[in-house]
Amino acid sequence: MAPPLLHLKNIHLTFGSTPLLEGAEMAVHAGERICVVGRNGSGKSTFLKIAAGQIEPDDGERFFQPGTTLRYLPQEPDLSAYDTIADYVAGGLEGADDYYRIPYLLDALGLDGENGTSHLSGGETRRAALARALAPEPDILMLDEPTNHLDLPAIEWLEGELGSMRTALVLISHDRRFASTLSRKTLWV
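Residues numbered from 1 in each chain as written. Predicted model: local features only at pLDDT ≥ 70, side-chain atom pairs only at ≥ 80, totals over all residues. Heavy atoms only, no water.

Counting its regular elements, the chain contains 6 helices and 8 strands. Of the regular secondary structure in the chain, the N- to C-terminal order runs β-β-β-α-β-β-α-α-α-β-α-β-α-β. A compact globule built from 189 residues would reach a C-alpha radius of gyration of about 16 Å, and the chain, at 16 Å, matches this within 12%. For the C-alpha atoms alone, the extent of the chain along its principal axes is close to 45 × 40 × 35 Å. Out of the 189 residues in the chain, the part that is buried amounts to 49%. (Helix = DSSP H or I, 4+ residues; strand = E, 2+ residues; numbered from the N terminus. Rg over C-alpha atoms; globule rule 2.2 N^0.38 Å. Buried < 20%, exposed > 50% of the residue type's maximum accessible area, 1.4 Å probe, protein only.)

Here you go:
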């Protein structure tokens, strides 16, 4: 088997005097589909942020295969640094990423790229953040509660889109049908 694209080993994190993660581990291989589950407050989102390289653990190792691309959809996306939805989505592209998917994703998600970002509803913000995460077709896609604020047609479209992608997927979702359809492995936190 090929080495993992991402490997977290013996991850520890404490908030104040309360241990949140103790010895957590995860390996993500190309094309793998993982659902991270656990009770509320168990550290699922924090674990995903560590995996995405957004926060540092107190202890443990994070190995990221050189040349691997990763995109992360936070539970609460912040669009405030961008004037328009299209600017926000394009801001998630890097280097050799191609802009061709942006119009397709905006249309599929029912968004007007010229709309400003300051007065978006929760659903519009979530759809813009999904377009930003999906646009580059990364090697690893990490999604924290991707169906929050989405209506049923948007959830069904997202399920189909993710199902057709070759990317490795790590997701947190309380939508059991969505999670069971897209994941092949469960990681308990």
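The next subject is the environment of P77. Mapped onto the secondary structure, P77 falls in the loop between strand 5 (70-73) and helix 2 (85-90). With a relative accessible area of 17%, P77 lands in the buried category. Taking the C-alpha atoms as reference, P77 lies 7.3 Å from R126; in sequence the two are 49 residues apart. Setting aside chain neighbours within four positions, we find P77 in contact with Y88, T125, R126 and A129. (Contact = heavy atoms within 4.5 Å.)

The next subject is the sheet that holds strand 5. Overall, parallel pairing links the 5 strands, which are arranged 5-6-7-3-8 in an open sheet. Strand pairing shows two members of the sheet lacking a second neighbour, strand 5 and strand 8 (185-188), which therefore form its edges. With strand direction ignored, the average angle separating the axes of adjacent strands in the sheet is 15°. As paired strands, strand 3 (residues 33-37) and strand 8 are joined by 4 bridges and run parallel to one another. Bridge pairing in strand 8 links I34 to K185. On the sheet, helix 1 (residues 44-51) packs against strand 3, strand 5, strand 6 (140-144), strand 7 (168-172) and strand 8 and is oriented at approximately 155° with respect to strand 6. (Pairing = 2+ DSSP bridges. Axes fitted to C-alpha atoms, helices over the stretch in contact; angles between N-to-C directions.)

Quick look at the sheet that holds strand 2 (residues 18-28) now. Judged by pairing direction, the sheet is antiparallel, and its 3 strands sit side by side in the order 2-1-4 without closing on themselves. The open sheet terminates on both sides in strands that have one partner only, identified here as strand 2 and strand 4 (59-64). When the angles between neighbouring strand axes are averaged without regard to direction, this sheet yields 20°. Here 5 bridges tie strand 1 (residues 6-15) to strand 4, and the two strands are oriented antiparallel to one another. Among the inter-strand pairings, H12 is bridged to a residue of strand 4, identified as D59. The strands touched by helix 1 within the sheet are strand 1, strand 2 and strand 4, with strand 1 carrying the most contacts at an inclination of about 130°.

On strand 5, burial covers both faces: L70 and Y72 on one face and R71 and L73 on the other are all buried. In terms of strand pairing, strand 5 meets strand 6 through 4 bridges, oriented parallel. What sits directly across from Y72, in strand 6, is M142.

By the element assignment, R33 lies in strand 3. Of the buried charged residues, R33 lacks a salt bridge, with E32 as the closest side chain of opposite charge at 9.5 Å. A polar atom in the side chain of R33 sits 3.1 Å from the backbone oxygen of L162. For R33, the side chain forms a polar contact with the main-chain oxygen of T167, separated by 3.4 Å. Beyond its immediate stretch of four places on either side in the chain, R33 contacts L162, G163, M165, T167, L169, L182, S183, R184 and K185. (Lys, Arg positive; Asp, Glu negative; His and termini not counted. Salt bridge = Lys/Arg side-chain N within 4 Å of Asp/Glu carboxyl O. Polar contact = N/O pair within 3.5 Å; in protein donor to acceptor, adjacent residues only side chain to side chain.)

Now for the nonpolar core. Nonpolar side chains tend toward joint burial in soluble globular proteins. Core analysis: the largest hydrophobic core is formed by 36 residues, its most contacted members being V89, L106, L134, L158, L162 and L171. Mapped by element, the contributors of at least two residues to this core are strand 3, helix 2, helix 3 (101-108), helix 4 (122-134), strand 6, helix 5 (152-164), strand 7 and helix 6 (176-182). In this structure, I11, L13, V28 and L48 belong to the second largest nonpolar core, which totals 24 residues. (Core = buried A, V, L, I, M, F, W, Y, C linked by side-chain atoms within 4.5 Å.)

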